[in-house]
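Results of the structural survey
One letter stands for each residue in the lines below.
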Amino acid sequence: MARLDVTETFHGITFPGHLHTQDSLQSALRFPFQDTDILIVSYPKSGTTWMQEIVTLICNRGDPHVCQTVPNWTRAPWLEQHYCAMVLEKYPLNPRVITTHLPQHLLEPALQGSKAKVIYVSRNPKDVVVSYYHFCKMAKFFPDPGSFQDFLNQFLDGRSYYGSWFDHVKGWTRQTETMSNLLHITYEEMSLDPHCAVEKISAFLQRPLVEEELNSCLKHSSFSSMKNNTMVNCTLISPEIMDHSKGCFMRKGELGNWKSLFTDEQNQHFESVFSSRMQDCSLKFVWDVPHENRICNKEGNPN
Ligand code: A3P
C-alpha cells in the first residue's frame with residue numbers, strides 16, 4: 001500500500017492516503033473500546049512517540065525490552081491507520097495501547113460510556129508547526145510543504161493534514177472538565193520536569209512505580225535514548241517512504257525551536273490568530289508562563 005500521492009478527505013479533514021483509507025477511518029469511529037484500553041491522543045508533532053515510549057515503559061515497570069524490540073506502530077498502533085485491525089489481531093497487547101490523531105468530535109460516540117484511559121498530549125503550536133514542516137520535507141506521503149510561509153498559512157487556516165490544531169486542542173481539552181478518565185499533559189511539562197510527568201502518568205494509569213522503575217522509564221524515554229532506538233526513530237521506514245537524507249524524525253526535542261524559523265512578522269500574525277481562535281478556551285497552557293521565553297536543552301534545562 002504505497003498511495004504516496006493519495007489524500008483521503010474524511011469529515012472535511014485531510015489524511016495521508018498512504019496510511020489511511022475511507023474504510024480504516026470509518027472503522028475507527030466504530031471501534032469497540034475496552035475499559036482496560038489506554039488511548040494516546042495528540043495532534044501530530046506534539047510528542048506522540050514520546051508518550052508511546054513512556055506508556056510502554058510504565059506498563060513494563062521500566063523494563064525497556066518491549067521498547068527496544070517492537071516498533072511503536074505495532075505496540076501502540078494508530079487507530080485510524082489501515083493496519084490497526086491487523087496489528088491488534090496479530091499481536092494481542094495487554095493492556096492495549098492505542099494511538100490516535102483524530103479530533104474529539106469524531107471519536108466521541110466510540111468513547112461514550114467507555115472507561116478507557118485517555119491521555120491527551122498537547123504542545124506549543126509554534127513548535128508543532130516547525131516540527132511538522134521539517135517532518136513533511138522528509139515524509140514522502142505528505143505533499144511537499146513548499147515555503148514555511150505557505151505551510152504556516154495552511155496550519156493557521158486549519159488546512160493541514162489531520163485538520164485544525166485549534167479545533168483539536170479545544171475539542172479534547174474541553175473534555176477534561178467532564179471526563180475523569182482523561183489526562184491532559186503538555187510536551188512542555190514533560191520536558192521541564194520529566195520525573196513529575198512520568199509520576200503523573202503512572203498515577204493516572206494506576207500503575208505505581210518504585211523509584212528504580214521510574215528512573216529506568218526516564219532513562220529510556222529520554223531524547224538521546226529514543227534518538228538511537230530504531231523502534232521509534234523511523235529509520236526502519238524505507239527511503240522510498242521517508243527520505244532520511246532530508247532530516248531526522250527525532251530532530252531537536254527542544255522547547256522554543258520555533259524561534260529558529262519564525263520571522264517577527266510571522267510571530268505577530270501567529271499571536272493574533274492564536275488569541276482570536278483560543279478566546280473561548282479557558283485552559284492555561286504551560287507556554288503562557290515565563291518558561292515560554294526560554295529555549296531548553298534536551299534534558300529540559302534552560303540553556
Ligand atoms: P522536533 O521535530 O521539534 O524535534 P510526534 O511523535 O508527535 O510526531 O512528535 C515528534 C516531536 O517530538 C519531534 O520534535 C521529536 O524530536 C520530539 N520528541 C520525540 N521524543 C522526544 C523525547 N524523548 N524528548 C523530547 N522530544 C521528543
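Residues numbered from 1 in each chain as written. Predicted model: local features only at pLDDT ≥ 70, side-chain atom pairs only at ≥ 80, totals over all residues. Heavy atoms only, no water.

1. Describing the site of the ligand
What counts, and what does not: One heavy atom within 4 Å of a molecule or strand is enough for the residue carrying it to be called near that molecule or strand. Nitrogen and oxygen atoms within 3.5 Å of one another constitute a polar contact, given that in protein one can donate a hydrogen and the other can accept it, and given that sequence-neighbouring residues count only through two side-chain atoms. The Shrake-Rupley method, run with a 1.4 Å probe, gives the accessible areas here. Residue values count only the displayed protein chains as cover. Counting from the N terminus, the helices are the DSSP runs of H or I reaching at least four residues and the strands are the DSSP runs of E reaching at least two. Only Asp, Glu, Lys and Arg are considered charged, only Ala, Val, Leu, Ile, Met, Phe, Trp, Tyr, Cys and Pro nonpolar, and every remaining residue, Gly among them, polar.
Of all residues adjacent to the ligand, which total 18 residues, the nearest are Thr48, Thr49, Ser131, Tyr187 and Lys252. Phe223 places a polar main-chain atom, nitrogen or oxygen, 3.4 Å from a nitrogen atom of the ligand. Gly253 is positioned such that a nitrogen or oxygen atom in its backbone is 2.8 Å from an oxygen atom of the ligand. When isolated, the ligand has an accessible area of 570 Å², and the protein chains bury 97% of it. Secondary-structure elements contributing two or more residues to the shell around the ligand are α2 (48-59) and α13 (223-227). With three residues, α2 is the single largest residue contributor to the shell around the ligand. Its residues assigned to classes, the shell around the ligand shows six nonpolar, eight polar and four charged.

2. Re empty space enclosed by the protein
The cut-off we apply is this: Computed over the protein atoms alone on a 1 Å grid, cavities are sets of points where a 1.4 Å probe fits but cannot get out and pockets are open sets with protein on both sides within 12 Å along at least five of seven lines; a residue lines them when it has an atom within 4 Å of a point. Grid points are joined across faces, edges and corners, and a volume is the space filled by probe spheres set on the points.
Scanning all chains against the criterion turns up two cavities of 30 Å³ or more. Roughly 40 Å³ of internal volume is contained in the second largest cavity. If you go around the second largest cavity, the residues you meet are Lys45, Ser131, Phe135, Met138, Cys248, Phe249 and Arg251. Taken together, the residues of the lining of the second largest cavity sort by class into four nonpolar, one polar and two charged.

3. Observations concerning the state of the cysteines
Cysteine pairs can be linked by a disulfide, which is a covalent bond between their two sulfur atoms. Note the cut-off: Cysteine sulfur atoms are paired as a disulfide whenever they fall within 2.5 Å. Buried, partly exposed and exposed residues are distinguished by accessible area as a fraction of the type maximum, computed with a 1.4 Å probe on protein chains only: under 20%, between the cut-offs, and over 50%, respectively.
Under the counting rule described, the total for this entry stands at zero disulfides. Of all cysteine sulfurs, the one in Cys248 lies closest to Cys234, which takes part in no disulfide; the gap is 9.5 Å. Relative accessible area serves as the criterion here: at 40%, Cys248 is assigned to the partly exposed category.

4. A few points about the nonpolar core
To keep it simple, the criterion reads: Only buried residues count toward a nonpolar core. Its members are Ala, Val, Leu, Ile, Met, Phe, Trp, Tyr and Cys residues joined through side-chain atoms within 4.5 Å. Residues are treated as being in contact if the distance between any of their heavy atoms lies within 4.5 Å.
Counting 91 residues, the largest nonpolar core has Met51, Val55, Ile119, Val129, Phe142, Trp165 and Ile201 as its most contacted members. At eight residues, the largest contribution of residues to this core is made by helix α7 (residues 125-138). Discounting residues that sit within four places of it in the chain, Ile201 has contacts with Met51, Ile54, Val55, Ile58, Ile119, Leu183 and Ile185.

5. Notes on helix α9 (residues 165-174)
Residues that lie three or four places apart on an α-helix share one face, since the helix turns once every 3.6 residues. Judged by how many residues are buried, α9 sits mostly within the fold: eight of ten residues are covered. Taking the backbone nitrogen of Phe166 as reference, a side-chain oxygen 3.1 Å away marks Ser164 as the first, capping residue of α9.

6. Re the sheet that holds strand β3 (residues 38-42)
Short version of the rule: Here the rule is simple: two strands pair whenever DSSP picks up at least two bridges between them. Each axis is a line fitted through C-alpha atoms, taken for helices only over the stretch in contact, and angles between the N-to-C directions span 0 to 180 degrees.
Pairing is parallel in the open sheet, where four strands are placed in the order β4-β3-β5-β6. Either end of the sheet is taken by a strand with one partner, and the two such strands are β4 (97-100) and β6 (182-186). On average, each strand axis in the sheet is inclined to that of its neighbour by 20 degrees, with strand direction left out of account. Pairing of strand β5 (residues 117-122) with β6, which is carried by five bridges, proceeds in the parallel orientation. Residue pairing across strands places Val118 opposite Leu182, the latter belonging to β6. Along the sheet, helix α11 (residues 194-204) makes contact with β5 and β6, crossing β6 at roughly 170 degrees.

7. What to know about the environment of Ser222
Tracing the backbone shows Ser222 in the loop between α12 (211-220) and α13. The sequence separation of Ser222 and Pro194 amounts to 28 residues, and the corresponding C-alpha distance is 8.8 Å. A polar side-chain atom of Ser222 sits 3.2 Å from a polar atom in the side chain of Ser225.

8. What about the pattern of salt bridges?
Where we set the bar: The working definition used for a salt bridge is a side-chain nitrogen of Lys or Arg within 4 Å of a carboxyl oxygen of Asp or Glu.
Inspection of every chain in the model, using the stated rule, returns ten salt bridges. With a closest N to O distance of 2.8 Å, Glu189 and Lys200 form a salt bridge. A residue pair is termed long-range when its members are at least 10 positions apart, and Glu189 in helix α10 (residues 187-192) and Lys200 in helix α11 qualify at eleven residues. Note on Glu189: relative accessible area 23%, which makes it partly exposed.

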